[in-house]
Amino acid sequence: MKHQARRVVTGHDSDGRSVVLSDSIVEAFEASPAAFATRLWATDTFPSDNTDPRDGAELIETFSTADGTAFYIVDWAPNSEFPFHRTQSLDYGVVISGQLEAVLDGGDVAVLTTGDSIVQRGTMHVWRNSTDQWARTVFVLVGTSPVTVGGQTLEANM
């Protein structure tokens, strides 16, 4: 499997007309032995500025900032597991192909297959691919305030 994606970025010309600013192949990086992530775009302010000339893929190294967003494609290796983690973000995910399990620290397991979506709300979780096939997902992470439950702040560890 090639761990890359085509990324088309639009914007405006000097007359205010819509144009394609770039059309390129973006290579993935190895996020862990279990996953390859293709960083497509990110923002570091809210609200975002559509006139910001910076390449959004170069704004972040990992996840969204507390007041920004991040847009990724993630490929999950067969028979693999990405360890327990919590991010300080609201994550929208869609399985594009294959099957992936969201394993929560409370014991729940959600099995997601092609076309399924998940809204991850700052929870401690593991991503597990229990099949012998690659799985591909798309994630948009939106920065949030830390999760507080019963007066205790649940710290992000990624």
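Further up the page is the structure itself.
Now for a look at the structure at hand. (Residues numbered from 1 in each chain as written. Predicted model: local features only at pLDDT ≥ 70, side-chain atom pairs only at ≥ 80, totals over all residues. Heavy atoms only, no water.)

### Describing the pattern of salt bridges
Here is step 1: Per the counting criterion, the structure on display carries 9 salt bridges.
Here is step 2: Note that Asp-55 and Arg-7 form a salt bridge whose closest N and O atoms lie 2.8 Å from each other. On the criterion of sequence distance, the pair formed by Asp-55 in the loop between β4 (35-43) and β5 (69-76) and Arg-7 in strand β1 (residues 4-12) is long-range, its members being 48 residues apart.
Here is step 3: Residue Asp-55 is classed as partly exposed on the basis of its relative accessible area of 27%.
Here is step 4: Taking the shortest distance from any N to any O, the salt bridge between Arg-54 and Asp-44 comes out at 2.9 Å. Here Arg-54, found in the loop between β4 and β5, pairs with Asp-44, found in the loop between β4 and β5; they are 10 residues apart in sequence, far enough to count as distant.
Here is step 5: Among the charged side chains, a network of salt bridges with common partners joins Asp-13, Asp-15 and Arg-17. (Salt bridge = Lys/Arg side-chain N within 4 Å of Asp/Glu carboxyl O. Helix = DSSP H or I, 4+ residues; strand = E, 2+ residues; numbered from the N terminus. Buried < 20%, exposed > 50% of the residue type's maximum accessible area, 1.4 Å probe, protein only.)

Geometric values such as these leave the question of function open.
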